Amino acid sequence: MKNRSLEASQKRMTVITYAALIIGALIMVFPFVWMILTSLKTVPESMQVPPTILPKELIVSNFGEAMKSLPFLKLYLNTGLMIFFRVICAVAFSSMAGYAFAMLEFRGKKLLFGIVLVQMSLPSQIFIIPQYQMVAKMGLANTIFALVFPGIVSAFGVFFLRQTYMGIPKEIGEAAYLDGCNQWQTFYKVMFPLTGTSVAALTIFTAVFAYSDLMWPLVVNSDLNMMTLSSGLATLRGQFTTNFPVLMAGSLLAMLPMVILYLIFQKQFIEGIASTGGK
Amino acid sequence: MAALNLKGITKIYPHSGDQKKSKKKAGESEKKTNLQVTDQGVIAVQSFDLDIKDKEFIVLVGPSGCGKSTTLRMVAGLEEISGGELYIDGKLMNDVEPKNRDIAMVFQSYALYPHMTVYENMAFPLKLRKVPKDEIDKRVKEAAAILDITQYLDRKPKALSGGQRQRVAIGRAIVREPKVLLMDEPLSNLDAKLRNQMRAEIIKLRQKINTTFIYVTHDQTEAMTLGDRIVIMKDGFIQQIGTPQEVFDHPANLFVSGFIGMPQMNYFNAKLINEDGKYAVSVENCKVVLSEEKQKNLAAHNVAAQDVTLGVRPSHMVLAKQPGNTLSATIDVSELMGSEVHFHANANGKDVVVIVPTMNADGERIDSFHAGDQLNLTFSGNVCHVFGKDGKNLEF
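Residues numbered from 1 in each chain as written. Chains lettered and ligands numbered in written order. Predicted model: local features only at pLDDT ≥ 70, side-chain atom pairs only at ≥ 80, totals over all residues.

**Q** Account for the overall build of chain A, with residues named and values stated.
**A** The secondary structure content of chain A amounts to 15 helices and 0 strands. Relative to a compact globule of 279 residues, whose C-alpha radius of gyration would be 19 Å, chain A shows 24 Å and is clearly more extended. Seen through its C-alpha atoms, chain A measures out along the principal axes to roughly 80 × 75 × 30 Å. Looking at chain A as a whole, 30% of its 279 residues are labelled buried. Sequence separation of at least 24 residues holds for 74% of the intrachain contacts in chain A that already meet a minimum separation of 6. (Helix = DSSP H or I, 4+ residues; strand = E, 2+ residues; numbered from the N terminus. Rg over C-alpha atoms; globule rule 2.2 N^0.38 Å. Buried ≥ 20, exposed ≤ 12 C-beta atoms within 10 Å, placed from the backbone. Contact = placed C-beta atoms within 7 Å.)

And the structure:
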């Protein structure tokens, strides 16, 4: 009797869990599905009240129009270069700084690390104006460098990799030192290769953040040919009217590379989130 | 292959900023470890003097926090030497980089490079020294053969057991043919069976490679079985240096006598008597005249009659058939260990341990004693140790 009631309650719990998860998944996927459906509608249908769910007729030409409105190849290239250099810089400088904070003893270490932590806790928007002034004074606005500039150093990356290096037993570094490594060799021949998972996670986070960064590219590069996908898409929004089907079609085209990358690196992406405890 | 001279080596860990602010905190840490604390900081090692001969196997032994690992790390160059001089083959090494000292070290946690295979781990120090590839291959394979790890050369450390990992760590150290091989508690992470096995392996290894060893352990069995000489440390000070037999037979003080030997030495409050120029010790009803050697040593130091702490090892206590010139004790626990019996007894309020063979010379079995039975104990004058009020052996 007891066993039967236990089984029944377990079954009930499973049904409730699945139902909650399915509802959650539907809520999460709804905007994406809505975007696909809108990209295939006409302008009046996209703004119709009450809204239609399925398009009355499939307007594929919205994609052609989006491609005509924006230099997509340029935008892909700019976004790709920005992501590439931001990732390279974040990984290189965060690894070196993280290693120094975790493994080396030097004067002012605590103070410097405190500054890194403070930088992490401040909203990035407050740095936009001084950073823009610096880029503009260097005469580098409307360049790829301008897009990369705020991502050259990542406070989160420094903190994240410092924690990783602190988790590596000190003896490994000491063994390398005794084996004949100098400080640089200890770092790049022995310690850096041990941070693979964390570096992969940092790469993914930096890439996703750079890809979705809208404010900075919009501020620093006003030339459409030097814009990124996100800032380019923003130009599709008019002051008075917006062609939503074309905007959605453009957004879908912009998403494509990230979706493909996610499908390839799904495992590392999930591992990365798990290792940072992030959401 | 090298001789080492450590002259007055001292290590002081300066107070951190927080400790400077709170003197009370520094006092607390002093209580925990008994290390001396001065204005300069905590003194982890003090006035460490030791001359190590070429190819000698020296074991540093002592309880946790005694400064043995710190001393080893100063020899390695991983810790700065606060005072004193370190010479390797006559050359002052205080400010020489670890990689230029021609030493290798085996760590307790193995410290293998997880991203490299066993072969790469062992070849790594040679690659850094730009040794030709053929030579690297030859030396790695030779070392692997000595340590019986040839079949694991392609594996990563995570695919090896604890014992195999420790062999690789030793391999990485010996492949460089260092002048001095340092070992920091290399067997502590292994289970008891593997530890015994690896201890024997280290003895064999020592016969195969000609180098000077400095070995740190807190395990007295390792110290006794491996070392040519043992350095016993406590609270940053050397307590005694000697061969395993010397420190066992002639402990310099109460600490050494208690630290070396299992089970621990038994202690009694006793009186040292000098009658007609002959020294004797008296505990309760038991009076024992000391051996000739001890008479000579005590006379040489002009030791006067006084209250002393008498130490007798459990295996040196003898069961007397009849009460008389004996110590009486009541058995609390009797442990039969096969060839011998360990009696945990109470002698006039003092806990004593007595180890006796299960069968005596007359063929009598003596495993019939039980808790509550009375024992009559005695000992001879050549196996007891007489310690003064300050804990020092009066013979020294």
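After that view of the structure, there is still more to cover.
**Q** Break down the overall build of chain B for me, with residues and values.
**A** A tally of regular secondary structure across chain B gives 11 helices and 21 strands. When the backbone C-alpha atoms are referred to their principal axes, chain B occupies close to 75 × 55 × 40 Å. Taking all 396 residues of chain B together, the buried fraction comes to 40%. Residue pairs in contact within chain B that sit at least 24 positions apart in sequence constitute 68% of those at least 6 positions apart.

**Q** I'd like a description of helix H10 (residues 183-191) of chain A, backed by residues and values.
**A** Residue and element names in this part refer to chain A. Of all the positions in H10, only Thr186, Phe187, Val190 and Met191 are classed as buried. On an axial view of H10, the arc spanned by its buried residues comes to 120°, and they lie on one face. Among the structural elements, helix H4 (72-103), helix H8 (155-166) and helix H9 (170-179) are those in contact with the buried residues of H10. (Arc of directions from axis to C-beta.)

**Q** So what's going on with the domain arrangement of chain B? Residues and values would help.
**A** Assigned domains within chain B: domain 1 (4-102 + 178-255) and domain 2 (263-387). If you average the C-alpha positions of domain 1 of chain B and of domain 2 of chain B, the two centres end up 34 Å apart. (Domains from an automatic or database assignment.)

**Q** Quick one: what's the story with the packing of helix H5 (residues 109-121) of chain A against H8(A), residue by residue and with numbers?
**A** The description of two packed helices rests on the angle between their axes and on the distance between the axes. All names here are of chain A. Two elements in contact, H5 and H8, have axes separated by 8 Å at closest approach and are oriented at 125°. One finds that H5 runs oblique with respect to H8. Between H5 and H8 lies a crossing of left-handed hand. Note on element contacts: H8 touches H5 through Ala155, Phe156, Val158 and Phe159, opposite Val116, Leu117, Gln119 and Met120. Its residues assigned to classes, the contact of H5 with H8 shows 7 nonpolar, 1 polar and no charged. (Axes fitted to C-alpha atoms, helices over the stretch in contact; angles between N-to-C directions. Parallel < 35°, antiparallel > 145°, perpendicular 65-115°, else oblique. Left-handed = near helix turned anticlockwise from the far one by under 90°. Nonpolar A, V, L, I, M, F, W, Y, C, P; charged D, E, K, R; others polar.)

**Q** Requested: an account of the sheet that holds strand S21 (residues 384-387) of chain B, with residues and values cited.
**A** Residues and elements named next belong to chain B. Spatial ordering of the open sheet is given by S14-S13-S12-S15-S21, a layout of 5 strands whose pairing is antiparallel. Each edge of the sheet is formed by a strand with only one pairing partner; in this case those strands are strand S14 (286-289) and S21. Mean inter-strand twist for the sheet, computed between neighbouring axes without regard to direction, equals 35°. In this structure, strand S13 (residues 278-283) lies alongside S14, joined through 4 bridges in antiparallel fashion. Note on S14: the bridge partner recorded for Val283 is Cys286. (Pairing = 2+ DSSP bridges.)

**Q** Go over the environment of Ile331(B) with me, naming the residues and quoting the values.
**A** Residue and element names in this part refer to chain B. In this structure, Ile331 sits in strand S17 (residues 327-336). For Ile331 and Phe124, which are 207 residues apart along the polypeptide, the C-alpha to C-alpha distance reads 59 Å. Non-local contacts of Ile331, meaning those with residues more than four positions away in its chain, are made with Phe343, Ala345, Phe369, His370, Ala371, Gly372, Asp373 and Leu375.

**Q** Lay out the domain arrangement of chain A with the relevant residues and their values.
**A** One frequent convention defines the size of an interface as the accessible area lost when the parts assemble. Per the domain assignment, the segments of chain A are domain 1 (2-60) and domain 2 (70-235). Summarising the inter-unit geometry, the C-alpha centres of domain 1 of chain A and domain 2 of chain A are found 37 Å apart.

**Q** Any details on the interface of chain A and chain B? Residues and values, ideally.
**A** At the junction of the two partners, chain A supplies 13 residues and chain B supplies 16 residues. Sort the elements by how many residues they give to the side of chain A that touches chain B and H9(A) lands first, with 7 residues.

**Q** Describe the pairing of S17(B), listing the residues and the values that go with them.
**A** Residue and element names in this part refer to chain B. As paired strands, S17 and strand S20 (residues 374-378) are joined by 4 bridges and run antiparallel to one another. Note that in S20 the partner of Ser328 across the bridge is Asn376. The pairing of S17 with strand S18 (residues 340-347) spans 6 bridges and is classified as antiparallel. From the neighbouring strand, Ile331 faces S18, where its bridge partner is Ala345. The antiparallel hairpin formed by S17 and S18 contains 3 residues in its connecting segment, where Gly338 sits at a positive phi of about 95°.

**Q** Please set out the sheet that holds strand S1 (residues 4-14) of chain B residue by residue, giving values where relevant.
**A** Note: strands within a sheet are paired through backbone hydrogen bonds, in either parallel or antiparallel orientation. If you trace the 5 strands from one edge of the open sheet to the other, you get S2-S3-S1-S5-S6 (chain B), paired in antiparallel fashion. The sheet terminates laterally at strand S2 (36-37) and strand S6 (91-92) of chain B, the two strands that pair on one side only.

**Q** Before we move on, can you summarise the confidence of the model for chain B with the specific residues and values?
**A** All names here are of chain B. Here chain B averages 86 in pLDDT, while 95% of its residues score no lower than 70. Overall, residues 21-31 carries pLDDT values under 50, and its contacts beyond four positions in sequence, including any with other chains, amount to 7 contacts. Listed scores for the predicted complex are pTM 0.78 and ipTM 0.80. (pLDDT = per-residue confidence, 0-100.)

**Q** Explain the environment of Asn243(A) to me, using residue names and the numbers behind them.
**A** One can find Asn243(A) in the loop between helix H13 (229-234) and helix H14 (244-264). Judged by the 18 C-beta atoms lying within 10 Å of it, Asn243(A) is partly exposed.

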